Amino acid sequence: MKTTRKPSRTGKAKGQPHRGSRPLSDIARLKEFDKLGPFEIKDFVQKVASKTALENSLSYLNAGRGNPNWVATEPREAFFLLGQFAVTESKRVLDLPPGVGGMPSASGIAGRLEAWLAKHDDMPGAPFLQAMMPWAVNKFSFDADKFVHELVDSIIGDHYPVPDRMLVHNEQIVHEYLQWAMCGNPRPEGKFKIYAVEGGTAAMCYIFKSLKSNRILNPGDTIALGVPIFTPYLEMAHLEDYDLHYIEVHAKQEDRFQYPDEEIKKLLDPKIKAFFIVNPGNPFAVALSPDTIKKIGAVLKKRPDLILLTDDVYGTFVPGFRSLMGEFPENTIGVYSYSKYFGCTGWRLGTIAVYENNIFDKMIAAHPEPIKKLLDKRYGGLTLEPRKFAFIDRIVADSRDIALNHTAGLSLPQQVMMTLFSLSELMDEKKAYQKACIGICKKRVEATIEGLDIEVGPNQYFDYYYGLIDFEFFARKHLGEDVVKWMKANVHPLDIVFRLAEDHGIVLLNGGGFAAPDWSVRISFANLENHVYDDIGRAVRAIARGYRQAYEAATGKSAPPAPTRAKR
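In what follows, the accompanying structure is described. Remember, predicted model here, so these are calculated numbers, not experimental data.

1. Quick look at the pairing of strand E7 (residues 272-278)
- Here E7 lies mainly inside the structure; 6 of its 7 residues are buried.
- Bridging between strand E5 (residues 222-227) and E7 involves 4 bridges; their strand directions are parallel. Within the sheet, the bridge partner assigned to Thr-222 lies in E7 and is Ile-272.
- Direction of pairing for E7 relative to strand E8 (residues 307-311): parallel, over a ladder of 5 bridges. When the sheet's bridge partners are listed, Phe-276 is paired in E8 with Leu-309.

Here it is as structure tokens:
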């Protein structure tokens, strides 16, 4: 892990002394950024950091974005090889000289794929496809021709998605994948209905829209947000489109980022219609413990009408993860994205899952007659019995503004990729891929801790994907209370991220934008090489030293010596 580093990583670029506290004019400038979200502030910080790196021959280190720098190769190899076979099937049906093919035929297609793979068994992806086809057919009792035809016809992309919510075989496979990835043990006995969508961001947009359209959440209603939380949840609630009020339910650092009793009790307030969380958290990267899940269950016994929305994209980084959709399926809308685990943010693969026996359908059925008539009108062009139209199907329709429902659905090549990703994980009985992904992030966490010169105790619910560095806690341990008081009185919290950019060419996100402590920063362990993370830790220490020097210069006092290691 040791590498040769430039001295400027732990001090001001070009060897200049660290300035510590920026001029008051700059503090006023930083206050203007308070109105922006962390991802918008990041755009400014990136420009500063890239300029610093260029001018001072530093590596530009952007640990602000959570895009992983690894990809799942086997299912991708299978995808591209399957595409080649699919083209041969098109040409088998019709092959005109200008390059015009036909639509693949289902009859006998499984046998033709088997024979074709035998001839091309030396191609990347062939071993996976040869193992996957019989495994899936046996596991799910598929008709082999129908399953292979769905894959081949879909990868060609020559039809609209039918069914529009999700392909038949893909839904069954993804259902099993989500049972493993999200539900833990014991699994819910019933079924989830799943909508394949363009990533977790699309899922958020569609769910917000449909909750409003179906008068489940109305303008002026109050929801609860488990904070710190992924910033868009904070921002979307305030949009004119939704006009929701929210209260914050705080996961406390001193409780290892679980929700303490006094916070969970907020959910007992009947004016709170829904509780939205990201689990494991973003930015704090800790999953709900069984004890916390039990506390939420106690609330539901008193408030069986409470809506739960859980965004579980990082759940696969915690072995044995248990989502709220596994524990309380009737109350929960589950959001999952394949982006992080399989390194496929560009593929835009996500799901919305709603249990077959759910409170949402019951809420819609219990609406007063005038509202029912409005919803009859809204969905009446899609079904002869709009009052029996399931909530999950309403989400599909709302995602296309009703009128375009007939062309709804995730593109079929994307759904094939979703099938292959899911099957690759389900076939991996030893969970070698999961262990490898967690191992990548864990090494980077360990390097950052080494650079920060702190100790962090083990936490079985930590996903290693992000880290939240509480700079105030760090400064209090390393610099003392007097320096912290001076820092909070004379330095703006955003100074940390701008200082890292200006002095070290490093990009982190400000924690305050996630409703985390103002004096915190979020670091992504997913997107940079292992050896740079101790540099980032050392840079944070350098910022702290600069504040110490500025304090001593401003007050004429000496800060107390820091302990050798600060334990977390």
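2. Let's talk about empty space enclosed by the protein
- Counted according to the given criterion, the structure contains 1 cavity of 30 Å³ or more.
- There is about 50 Å³ of room inside the largest cavity.
- Phe-208, Leu-211, Lys-212, Leu-217, Asn-218, Pro-219, Tyr-242 and Leu-244 together form the lining of the largest cavity.

3. Things to note about the environment of Trp-116
- Mapping Trp-116 onto the fold places it in helix H4 (residues 109-119).
- Judged by its relative accessible area of 14%, Trp-116 falls in the buried class.
- Each C-alpha atom, one on Trp-116 and one on Phe-85, is 7.5 Å from the other, the two residues being 31 residues apart in sequence.
- Leaving out residues up to four positions away in the same chain, Trp-116 has contacts with Leu-81, Gln-84, Phe-85 and Thr-88.

4. Things to note about the packing of aromatic side chains
- Counted by the stated rule, this structure contains 41 aromatic pairs.
- A ring pair is formed by Phe-79 and Trp-347, whose centres lie 5.1 Å apart and whose planes are at 75°; its orientation type is edge-to-face. One end of the pair, Phe-79, is in helix H3 (residues 73-93); the other, Trp-347, is in the loop between strand E9 (332-337) and strand E10 (350-355), and 268 residues separate them in sequence.
- Its guanidinium or amino end placed over the ring of Trp-180, Lys-431 lies 4.3 Å from that ring's centre, counting from NZ or CZ.
- One Lys or Arg, Arg-522, reaches over the ring of Tyr-466 and ends 3.9 Å from the middle of that ring.

5. As for the nonpolar core
- Counting 140 residues, the largest nonpolar core has Phe-147, Phe-275, Tyr-338 and Phe-471 as its most contacted members.
- Here this core gets 9 residues from one element, more than from any other, and that element is helix H21 (residues 533-555).
- Contacts of Phe-147, omitting those with residues within four sequence positions, involve Met-132, Met-133, Ala-136, Val-137, Phe-142, His-169, Ile-173 and Leu-423.
- Judged by nonpolar contacts, the second largest core, of 49 residues, contains Ala-203, Tyr-206, Leu-309 and Ile-359.

6. Notes on the state of the cysteines
- Overall, the coordinates contain 0 disulfides when judged by the stated rule.
- Left unpaired, Cys-205 is separated from the closest cysteine sulfur, that of Cys-344, by 18 Å.
- Using a relative accessible area of 39% as the deciding quantity, one classes Cys-205 as partly exposed.

7. Notes on unusual backbone geometry
- Cis geometry marks the peptide bond from Val-227 to Pro-228; its omega dihedral reads 0°.
- With respect to the secondary-structure elements, Pro-228 resides in the loop between E5 and helix H9 (231-238).
- Backbone torsion omega between Asn-279 and Pro-280 reads -5°, so that peptide bond is classified as cis.
- Within the secondary structure, Pro-280 sits in the loop between E7 and helix H11 (290-302).
- You will see that Arg-215, though not glycine, has its phi angle at about 55°, which is positive.
- Assignment of secondary structure puts Arg-215 in the loop between helix H8 (199-213) and E5.

8. Examining helix H6 (residues 144-156)
- When the terminal C-alpha atoms of H6 are compared, their 18 Å separation across 13 residues agrees well with the 18 Å that a helix rising 1.5 Å per residue should span.
- Taken as a whole, H6 has its buried residues at Phe-147, Val-148, His-149, Glu-150, Leu-151, Val-152, Asp-153, Ser-154 and Ile-155.
- In this structure, the buried side of H6 is in contact with H3, H4, helix H5 (126-140), helix H7 (168-183) and helix H16 (412-426).
- Sitting at the head of H6, Asp-143 places a side-chain oxygen 3.1 Å from the backbone nitrogen of Asp-145.
- Trailing H6 by a residue or two, Gly-157 shows a phi angle of about 75°, which is positive.

9. Regarding the sheet that holds strand E4 (residues 192-197)
- Ordered by their spatial adjacency, 7 strands build an open sheet running E4-E10-E9-E8-E7-E5-E6, and the pairing between neighbours is mixed. For this open sheet the edge positions go to E4 and strand E6 (245-250), each flanked by a neighbour on one side alone. Between one strand axis and the next, the sheet turns by 20° as a mean value, whatever way the strands run.
- In this fold H7 packs onto E4, E9 and E10, with an angle of close to 100° to the strand it touches most, E4.

10. Considering the packing of helix H18 (residues 471-479) against H21
- Orientation of H18 relative to H21, taken along the N-to-C sense of each, is 60°, at an axis distance of 11 Å. One finds that H18 runs oblique with respect to H21. Between H18 and H21 lies a crossing whose hand is right-handed. Seen from H18, the contacting residues are Phe-471, Phe-474, His-478 and Leu-479; seen from H21, they are Val-540, Arg-541, Ile-543, Ala-544, Tyr-547 and Arg-548.

11. A short note on the pairing of E8
- Burial within E8 is extensive, with 5 of its 5 residues counted as buried.
- Residues Ile-307, Leu-309 and Asp-311 of E8 are buried on one face, and the alternating residues Leu-308 and Thr-310, pointing to the opposite face, are buried as well.
- Between E7 and its parallel partner E8, the chain crosses via H11, and the hand of that crossover is right-handed.
- Note that E8 and E9 share 4 bridges and pair parallel. In the sheet register, Thr-310 faces E9, and the bridge partner there is Gly-334.

About the thresholds
- Residues numbered from 1 in each chain as written.
- Predicted model: local features only at pLDDT ≥ 70, side-chain atom pairs only at ≥ 80, totals over all residues.
- Heavy atoms only, no water.
- Buried < 20%, exposed > 50% of the residue type's maximum accessible area, 1.4 Å probe, protein only.
- Helix = DSSP H or I, 4+ residues; strand = E, 2+ residues; numbered from the N terminus.
- Pairing = 2+ DSSP bridges.
- 1 Å grid on protein atoms, 1.4 Å probe; cavity = no way out; pocket = protein on both sides within 12 Å on 5 of 7 lines; lining within 4 Å.
- Points joined across faces, edges and corners; volume = space filled by probe spheres on them.
- Contact = heavy atoms within 4.5 Å.
- Phe/Tyr/Trp six-rings, centres within 6.5 Å; stacked < 30°, edge-to-face > 60°.
- Lys NZ or Arg CZ within 6 Å of the ring centre and 35° of its normal.
- Core = buried A, V, L, I, M, F, W, Y, C linked by side-chain atoms within 4.5 Å.
- Disulfide = S-S within 2.5 Å.
- Expected span 1.5 Å × (residues − 1).
- Polar contact = N/O pair within 3.5 Å; in protein donor to acceptor, adjacent residues only side chain to side chain.
- Axes fitted to C-alpha atoms, helices over the stretch in contact; angles between N-to-C directions.
- Parallel < 35°, antiparallel > 145°, perpendicular 65-115°, else oblique.
- Left-handed = near helix turned anticlockwise from the far one by under 90°.
- Right-handed = clockwise from strand over helix to strand, strands pointing away.

So far we have only geometry, and geometry alone does not tell us how the molecule works.
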